[in-house]
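Residues per chain, in single letters:
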Amino acid sequence: MTIDKELIQRCQQGDQAAFELLVKKHERRVFGLVYQMVRQPSEVEDIAQEVFTKIYFSLPQFRIEASFEAWLYRITINQCYDYLRKRKREAQVTESDLSDEEAAFFERFGSITQPRHLDISKRLELRQTAERLLSVLPPKDRSLLILKEIEDLSIEELTQVFKSSASAIKLRLFRARNHLKAVYEKSCKKEKGKQRV
Amino acid sequence: MSHQNLKGWLEDYAENSLSAEMTQDLEQHLAMCRDCQEQLRTIRLTANILRASSLDEAPAPAAGFARSVFLAIEQQRENYFFWSPLRLVALKAVPVMAVLAVALGSFAYTQISSELNAQQLSEEPLLETSLELSSKWGQEAAVFSEQISQDKEQVVSTLLEAETLPQEQGKESK
């Protein structure tokens with residue numbers, strides 16, 4: 001039996017120390033995902049607290065044979081959706097555009113240029129550009145891409161989080177990626193248009 | 001293997017989860033398929049954008065985060081346990097309400113359709129009666145117009161008589 005399952009069983013028997021251990025084991029992961037989704041450092045702790053509170057009250061109904069991590073991701077994402085819905089912040093259309101240098105970085109990043117070789121200001125600039133591009137996507141597409149590319153979940157794991165078939169997940173990924181690429185290419189074209197003027 | 005099937009392998013290829021044989025098949029296809037090449041480029045490009053968005057560190061949980069979760073749980077416990085049974089009842093009531101709605105809907109449908117049938121049946125004799133009436137009125141109208149034509153003939157003949165009578169009287173007096 002995995003550590004999570006053992007802790008969950010102890011929690012289900014009313015052991016509060018086990019729940020504390022469970023929180024400590026997963027808090028970084030929840031903080032990371034919440035931050036990726038909402039991008040508001042000041043809100044991360046409150047949302048993460050809500051996530052663990054929900055988990056505490058729902059643990060009695062949790063089936064021990066199910067994947068705890070998938071359940072944790074699902075609750076975290078739903079909590080982020082709630083927050084984003086309340087905030088009702090409209091997606092910002094990318095007004096500032098990609099420079100050739102940034103575009104080249106996105107095209108090669110990971111294969112040629114390693115992020116640790118970049119200076120702090122360049123990292124900040126790239127991160128802000130990437131965030132701006134991602135902010136145009138609907139939260140459901142963004143959460144899928146974050147889990148796939150940042151949390152490194154496989155297609156199989158994504159099927160458990162979103163309770164969908166592998167083909168449905170692949171289709172959603174295909175659409176989300178093409179949407180993001182269209183936003184990226186629009187930003188590149190704008191920059192080229194400006195250069196011509 | 002079709003293009004669509006091979007295109008469906010691209011996500012697995014990008015995450016290195018294809019078997020050696022499948023990888024070889026896909027790479028052979030990729031060498032000559034521009035559409036799949038473009039989709040693979042999209043997968044890599046979007047992965048790069050996502051990775052770039054996570055170049056900064058998320059805020060780290062404070063040392064007492066687990067304690068603050070317990071405080072939040074204690075604050076919500078009373079509220080949760082008050083509403084929890086009601087929530088359970090509401091959850092159980094949803095399928096019952098759905099079944100009732102379907103039953104009521106089908107009952108209403110059968111009632112309305114039977115009423116419509118009955119109305120159709122009762123409308124048929126009315127139609128017959130109206131047809132009978134119209135034919136009767138037609139006959140009456142024919143008789144009436146015949147009478148009028150006869151009356152007209154009589155009037156014409158009376159007028160003619162009236163015209164010819166003074167002329168005859170004049171002749172006689174001469």
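Data block above holds the structure.
Before going into details, it helps to say that this report is about the structure given with it.

Parameters and conventions
Residues numbered from 1 in each chain as written. Chains lettered and ligands numbered in written order. Predicted model: local features only at pLDDT ≥ 70, side-chain atom pairs only at ≥ 80, totals over all residues. Helix = DSSP H or I, 4+ residues; strand = E, 2+ residues; numbered from the N terminus. Expected span 1.5 Å × (residues − 1). Buried ≥ 20, exposed ≤ 12 C-beta atoms within 10 Å, placed from the backbone. Axes fitted to C-alpha atoms, helices over the stretch in contact; angles between N-to-C directions. Parallel < 35°, antiparallel > 145°, perpendicular 65-115°, else oblique. Contact = placed C-beta atoms within 7 Å. Nonpolar A, V, L, I, M, F, W, Y, C, P; charged D, E, K, R; others polar. Core = buried A, V, L, I, M, F, W, Y, C linked by C-beta atoms within 7 Å.

**Looking at helix H4 (residues 34-53) of chain B**
- Its 20 residues give H4(B) an end-to-end C-alpha distance of 29 Å, which sits within 8% of 28 Å, the value for a rise of 1.5 Å per residue.
- Within the sequence span of H4(B), burial applies to B:Gln39, B:Ile43, B:Leu45, B:Thr46, B:Ala47, B:Asn48, B:Ile49, B:Leu50, B:Ala52 and B:Ser53.

**Overview of the packing of helix H7 (residues 139-149) of chain A against H4(B)**
- Contact geometry for H7(A) and H4(B): axes closest at 10 Å, N-to-C directions at 85 degrees. By the criterion of interaxial angle, the relationship of H7(A) to H4(B) is roughly perpendicular. Seen from H7(A), the contacting residues are A:Leu145, A:Ile146 and A:Glu149; seen from H4(B), they are B:Thr46, B:Ala47, B:Leu50 and B:Arg51.
- Taken together, the residues of the contact of H7(A) with H4(B) break down into four nonpolar, one polar and two charged.

**Looking at the interface of chain B and chain A**
- With 31 residues of chain B at the interface, the matching set in chain A holds 41 residues.
- Going through the elements one at a time, helix H2 (10-14), H4 and helix H5 (65-173) of chain B are the ones with two or more residues in the side of chain B that touches chain A.
- At 11 residues, H4(B) tops the list of elements feeding residues into the side of chain B that touches chain A.
- Of the residues that constitute the side of chain B that touches chain A, the class distribution is 17 nonpolar, nine polar and five charged.

**Some thoughts on the nonpolar core**
- With 52 residues, the main nonpolar core has A:Val34, A:Ala48 and B:Ile49 as its most contacted residues.
- The element that contributes the greatest number of residues to this core is helix H2 (residues 16-38) of chain A, accounting for 10 residues.
- Ignoring sequence-local partners within four residues, the contact set of B:Ile49 consists of A:Phe106, A:Ala130, A:Leu133, A:Leu134, A:Leu180 and A:Tyr184.

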